[in-house]
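# Examination of the molecular architecture
Each chain is listed here by its residues.
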Amino acid sequence: MGKLLLLLSAVLLHISAWAQGDTTITITTSGGLQFDQKRLIVRPNTRLHLIFQNKDDMAHNLVVTRPNARLRVVEFALALGEKGPALHHVPVMSDVLAHTVSVEPGNTDSLTVKVTDGAYPFVCTYPGHGAVMYGVVYATDEPEKLPPPSEDRNLPNPDRVAEAGMQHHHTNASGHPYSLTLPAVYRTFMPDCGPAAIAVGLPGSDGGQSYVFDAGSCRLRYAWSGGFVDNSEQWDGKGQRFTKVVGDIYYRDTDGFPWRVGNQAPVVQFKGYRLIDRYPEFRYLVNGVEVHELIRPRVGGRGLVRTFTIAPTKQPLTFRATVQTGIQYKPSVGRLQNNQIRLPAGTRQFSLTLSTP
Amino acid sequence: MLLSLLTSLWLWASPAPADTISDYYTIETIPTPPGLTAETGALTFLPDGRLAVCFHRGEVMLYNPQTKVWKLFAEGLHDPLGIMAISNRELLVMQRPELTRLTDTNGDGVADTYETVADQFGMSGNYHEFAFGPVRDSKGNLYISLNTASNGAGVRDELRGRYDSLGRPGRMYACVPYRGWVMQITPDGKVKPYASGFRSPNGLGFDAQGRLLVTDNQGDWLGTSKLYQVEEGKFYGHPTSLVWRPSFPQIDPLTLSPQTLDSMRTVESIAFPHEIMAHSPTQMVVDNSKGKFGPFAGQTFVGEMDFPHLLRILPDVVDGQMQGSCVPFFAKGGSNGTPLRIGNNRLAFAPDGSLWLGQTDHGWLGDRGIQRIRYTGGTPLDILAMTLTPTGFDLTFTQPIDESTARQLANYQVRSYYYEYHRAYGSPQKDVQIVPVSTVQLSSDRRTVSLTLAQLQPKRIYELHLGKLTGNSGQKKLMNHIVCYTLNRLRTQVAGRAAN
């Protein structure tokens with residue numbers, strides 16, 4: 001939960017801190033060379049105590065400059081060259097009002113600065129960082145007269161801020177140099193799945209249907225209708241965050257790996273997939289038996305048809321499918337009994353239709 | 001004002017060119033398709049001369065340099081960061097969860113099979129668990145490298161692979177199998193843990209001598225970024241991966257003292273001093289152009305994320321062990337208003353001998369896109385080799401040095417220092433010493449300068465600052481003035497010197 005709050009606070013870029021007198025504000029880093037807060041608003045003549053917590057993977061500093069002096073300070077910092085590290089990349093000049101030391105990842109430092117009235121830039125002056133990693137402290141009694149954050153020239157390039165704030169403006173809504181054609185496959189981080197997830201969007205009415213296949217455990221995890229995925233957070237920055245489900249999840253696998261070969265505990269190995277008319281047909285080994293699985297949307301309503309092609313084996317095969325409220329299973333061969341389907345000996349192809357009323 | 005007047009008078013009086021690297025190499029930016037977020041994860045050339053590129057959002061695209069047309073080959077990959085062309089229709093791509101073989105089996109120009117070649121390693125779901133490679137040795141073995149996780153984020157409830165809590169402590173950690181390892185994949189498909197002790201091994205490559213080289217990034221246990229020569233079974237110093245060594249006891253490696261860990265590790269062959277050479281070294285590529293890319297044929301180039309330069313490494317071999325130096329390449333380079341950008345994550349030589357650069361930021365510092373450096377002719381005055389002697393260093397240049405400049409002792413300033421091996425993030429330069437150069441000799445062909453230093457000590461870096469050395473009666477200016485030699489071992493006798 002704490003992490004979620006942190007994440008939320010990191011994406012709400014334009015929340016302005018409001019303060020007066022002696023004020024303490026904590027600034028941290030968010031992904032992609034950014035301070036988590038870029039616009040602080042305090043009363044004039046505030047003695048501002050800024051605590052800088054570096055949560056990034058690389059070292060940063062935080063330098064408060066005189067109004068309109070950010071670029072000059074950044075240039076002078078760059079000119080320090082090899083002397084930079086010893087000076088924490090902070091040039092000795094009157095334009096620098098206050099600064100932290102170099103703050104290694106995980107560490108914290110603070111500074112105190114008196115801001116009378118005006119716009120006081122703050123910036124990381126590490127070589128290269130100064131061009132993108134900055135923000136501004138406004139000391140003002142009239143915050144309503146400040147430009148909206150989107151038009152504020154004291155904040156980093158609006159496009160970049162917009163991207164960090166997940167308001168994407170792409171030539172294609174897909175985020176790719178082409179329109180997304182369904183079926184489509186994304187290997188990505190999905191919630192409620194192992195880390196080797198494969199999201200598949202299927203064509204259909206009302207936004208179509210989608211499912212997640214877990215390439216680690218080689219099984220279908222869940223399915224939803226009404227849309228595919230939103231990758232904007234996953235694509236942003238370093239790739240920690242999940243791709244989001246767009247739509248309503250109507251099915252979740254609750255049984256673990258479904259196949260049993262003989263009486264053996266299942267041992268699986270993912271082998272990849274082949275695209276058939278853009279539909280992925282997954283391939284995996286179950287105790288050495290190769291299984292192919294192709295998942296298509298059910299015709300005539302919400303649901304999936306899972307078609308399995310099984311390599312020859314002398315072992316008996318069982319497929320587990322626990323009865324779930326609101327889900328109907330219909331096997332092509334055999335029948336569902338005690339939450340499992342025993343396949344007749346020699347079965348090479350088997351399909352299971354999964355539907356909702 | 002006066003100065004500029006004098007300068008312009010001097011320019012007028014003597015039409016000598018400024019002589020910069022941009023007089024020998026040009027750079028251009030390759031247009032990428034509209035709508036593409038060109039965070040370049042990998043690039044290589046197909047046998048037919050087309051460029052194959054992986055991008056962060058999972059696209060694999062092919063670019064025909066003749067027609068300048070981009071085409072989509074594959075999509076939906078998870079942060080692909082490595083590529084190798086097998087044929088015009090078959091690529092190996094390293095993505096987060098696995099090494100994948102992409103094949104266009106029906107010849108329509110688009111991959112239709114995505115075959116898992118190797119996924120026998122763990123994933124905790126931590127963003128820093130990047131996967132790099134593959135590169136291939138002469139026997140057909142493939143090598144990949146697996147980044148450790150970062151305590152900038154945690155691990156997921158559901159993992160792939162066995163969880164080991166002993167690998168969880170620390171800034172960068174390896175709580176699932178083979179994080180921090182280089183893995184070998186044999187031609188018959190076996191996946192074997194090969195070498196351990198890596199933190200963020202974003203560059204793998206074989207040099208022209210067939211040595212497997214891996215770069216690693218400054219951070220915890222790495223006082224500065226570095227390059228290792230990697231051999232089977234060895235441990236290279238970042239401790240957390242030790243938990244996945246079969247013989248390693250059931251302990252948290254961080255409970256071992258730095259002295260113990262130091263005694264277990266194989267040190268880097270070449271250090272890249274932080275701030276001076278590199279912040280984040282990336283991929284290596286051998287200049288296989290046979291001279292089409294200038295005077296550095298056969299040498300290894302290394303990319304760098306934060307500086308607008310590349311690096312060249314100059315290996316030396318002492319007692320059979322590689323050590324040596326690094327020097328910038330194309331520093332301050334640029335032409336027609338196009339500078340070399342930063343974020344040079346991936347490098348590939350085209351069949352025509354031009355060097356293509358794939359750029360990314362990936363949430364860190366960097367630019368995005370693709371640039372290409374082309375050699376236009378002539379010989380820049382630059383350092384071609386640096387070798388240790390029993391008493392100092394021999395520096396060999398691309399062309400004869402003007403004797404008057406070569407013989408000035410003041411043109412050679414040497415600092416030496418080391419970086420501490422410890423748990424903390426990075427290291428300052430420790431025990432910095434100024435090392436006087438006592439004599440300088442010039443070879444009869446005036447290409448090699450032999451320096452005698454007042455003192456040489458092992459396990460230190462020698463940072464050599466070169467002054468205004470010139471060639472061709474002052475017409476040629478030295479391109480790079482700093483070269484850093486990692487001295488792991490002293491050379492005891494001249495007879496021990498080996499060709500590289």
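Every residue gets a number counted from 1 within its own chain, in the order that chain's sequence is written. Written order determines the labels here, with chains lettered from A and ligands numbered from 1. Residue-level local features of this predicted model are given only where pLDDT is at least 70; pairs of side-chain atoms are given and counted only at 80 or more, and the full residue set underlies all totals for whole chains, interfaces and linings.

On to the overall build of chain A. From N to C terminus, chain A includes four helices and 27 strands. Labels follow a simple rule on C-beta atoms placed from the backbone: if 20 or more others lie within 10 Å of a residue's own, it is buried; if 12 or fewer, it is exposed; otherwise it is partly exposed. Buried positions account for 41% of the 357 residues belonging to chain A. Contact between residues is assigned whenever the C-beta positions, reconstructed from backbone atoms, fall within 7 Å. Across chain A, contacts joining residues at least 24 apart in sequence account for 54% of those joining residues at least 6 apart. Only runs of H or I of at least four residues qualify as helices and only runs of E of at least two qualify as strands under DSSP, and these elements are numbered from the N terminus.

What follows is about the domain arrangement of chain B. Put simply, an interface is often sized by how much accessible area is lost when its parts join up. Residues and elements named next belong to chain B. For chain B, the domain assignment lists domain 1 (120-201 + 203-208 + 229-266) and domain 2 (383-496). For the purposes of this description, domain bounds are those given by an automatic or database domain assignment. The centre of domain 1, based on its C-alpha atoms, is set 35 Å off from the matching centre of domain 2. Across the boundary between the two partners, domain 1 contributes five residues, which contact four residues of domain 2. Three residue categories are used. Nonpolar comprises Ala, Val, Leu, Ile, Met, Phe, Trp, Tyr, Cys and Pro, charged comprises Asp, Glu, Lys and Arg, and polar comprises the others, including Gly. Split by residue class, the side of domain 1 that touches domain 2 holds two nonpolar, one polar and two charged.

Attention now goes to the sheet that holds strand 15 (residues 191-196) of chain B. Residue and element names in this part refer to chain B. If you trace the four strands from one edge of the open sheet to the other, you get 10-11-14-15, paired in antiparallel fashion. If you trace the sheet from one side to the other, it starts and ends with strand 10 (131-136) and strand 15, each paired once. Within the sheet, the average angular offset between the axes of one strand and its neighbour, ignoring direction, is 25°. Relative to strand 11 (residues 142-146), strand 10 is paired through four bridges, and the arrangement is antiparallel. If DSSP finds at least two bridges between two strands, the strands pair. Note on geometry: axes are lines fitted to C-alpha atoms, helical ones only across the stretch in contact, with angles between N-to-C directions running from 0 to 180 degrees.

A few words on the interface of chain B and chain A. On the side of chain A, 44 residues touch chain B, which itself brings 43 residues to the contact. For the side of chain B that touches chain A, the element with the most residues is strand 9 (residues 113-118) of chain B, which contributes four residues. Within the side of chain B that touches chain A, the residues separate by chemical class into 16 nonpolar, 16 polar and 11 charged. Note: strand 19 (residues 268-276) of chain A against strand 9 of chain B, three bridges, orientation antiparallel. Its bridge partner lying in strand 9 of chain B, Tyr273 of chain A is registered against Tyr114 of chain B.

Taken domain by domain, chain A consists of domain 1 (2-164) and domain 2 (184-355). One C-alpha centre belongs to domain 1 of chain A, the other to domain 2 of chain A, and the line joining them spans 48 Å.

All names here are of chain B. In space, the eight strands of this open sheet follow the order 20-21-22-23-38-35-31-32, with antiparallel pairing throughout. Bordering the open sheet on either side are strand 20 (281-286) and strand 32 (429-435), each of which pairs with just one other strand. The mean angle between the axes of side-by-side strands here comes to 25°, regardless of whether they run parallel or antiparallel. Bridge count for strand 31 (residues 412-419) against strand 32 is five bridges, and the pairing is antiparallel. Looking at the pairing, Tyr418 lines up with Lys430 of strand 32.

With that settled, the discussion passes to unusual backbone geometry. In this structure, the amide linkage connecting Leu182 of chain A to the following residue, Pro183 of chain A, adopts the cis form with an omega of 0°. Residue position: Pro183 of chain A is located in the loop between helix 3 (158-164) and strand 11 (184-188). With an omega of 0°, the peptide bond between Gly133 of chain B and Pro134 of chain B qualifies as cis. Relative to the helices and strands, Pro134 of chain B is located in strand 10. Phi is positive for Asn68 of chain A, close to 65°, though the residue is something other than glycine. By the element assignment, Asn68 of chain A lies in the loop between strand 6 (63-65) and helix 2 (70-79). For Asp319 of chain B, which is not glycine, the phi torsion reads 50° and is therefore positive. By the C-beta count within 10 Å, which is 12 here, Asp319 of chain B ends up exposed.

What follows concerns the confidence of the model for chain B. All names here are of chain B. Scored between 0 and 100, pLDDT is the confidence that the predictor attaches to each residue. Chain-level pLDDT for chain B is 95 on average; 95% of the residues reach the 70-or-more range. Confidence over residues 1-15 falls short of pLDDT 50; this stretch has zero contacts with residues more than four positions distant or in other chains. For residues 496-500, every residue scores under 50 in pLDDT, and the model assigns this stretch nine contacts once sequence neighbours within four places are set aside. Under the prediction, the complex receives an ipTM of 0.93, its pTM being 0.83.

Residues and elements named next belong to chain B. Examined bridge by bridge, strand 16 (residues 203-206) and strand 17 (residues 212-216) share four bridges and lie antiparallel to one another. Within strand 17, the residue paired with Gly203 across the bridge is Thr215. The hairpin formed by strand 16 and strand 17 contains five residues between the paired strands, and Gly210 there has a positive phi angle of roughly 85°.

Next up on the list: the pairing of strand 23 (residues 317-320) of chain A. All names here are of chain A. Only one face of strand 23 is buried: it carries Leu317 and Phe319, and the other face, with Thr318 and Arg320, is open. Of the strand pairs in this sheet, strand 18 (residues 259-261) and strand 23 are connected by three bridges, and their pairing is antiparallel. Opposite Trp259, over in strand 23, you have Phe319 as the bridge partner. Taken together, the three bridges between strand 23 and strand 26 (residues 340-342) define a ladder with antiparallel strand orientation.

Bringing the environment of Val113 of chain A into the picture now. All names here are of chain A. For Val113, the position within the fold is in strand 8 (residues 108-115). When the C-alpha atoms of Val113 and Trp235 are compared, they prove to be 37 Å apart, with 122 residues separating the residues in sequence. Sequence-distant contacts of Val113, defined by excluding residues within four places in its chain, comprise Leu48, Val64, Leu97 and Ala98.

This paragraph deals with the nonpolar core. Most often, soluble globular proteins keep nonpolar side chains buried together rather than apart. Any nonpolar core is a set of buried residues, restricted to Ala, Val, Leu, Ile, Met, Phe, Trp, Tyr and Cys, that join up through C-beta atoms within 7 Å. Ranked by internal contacts, the top residues of the largest apolar core, which has 207 residues, are Val137 of chain A together with Val60, Ile144, Met183 and Leu311 of chain B. Counting residues per element, this core draws most heavily on strand 22 (residues 310-318) of chain B, at six residues. The contact partners of Val60 of chain B, leaving out residues within four places of it in the chain, are Ala52, Cys54, Phe73, Ala74, Leu77, Pro80, Leu91, Val93 and Leu102 of chain B.

Turning to the environment of Gly324 of chain B, a few remarks are in order. Residue and element names in this part refer to chain B. On the secondary structure map, Gly324 appears in strand 23 (residues 321-329). Classification of Gly324 as buried rests on a count of 23 C-beta atoms within 10 Å. Sequence separation between Gly324 and Leu487 is 163 residues, and the spatial gap between their C-alpha atoms is 7.0 Å. If we ignore the near neighbours within four places in the chain, the residues touching Gly324 are Ser269, Ile270, Ile313, Leu314, Pro315, Asp316, Tyr485 and Thr486.

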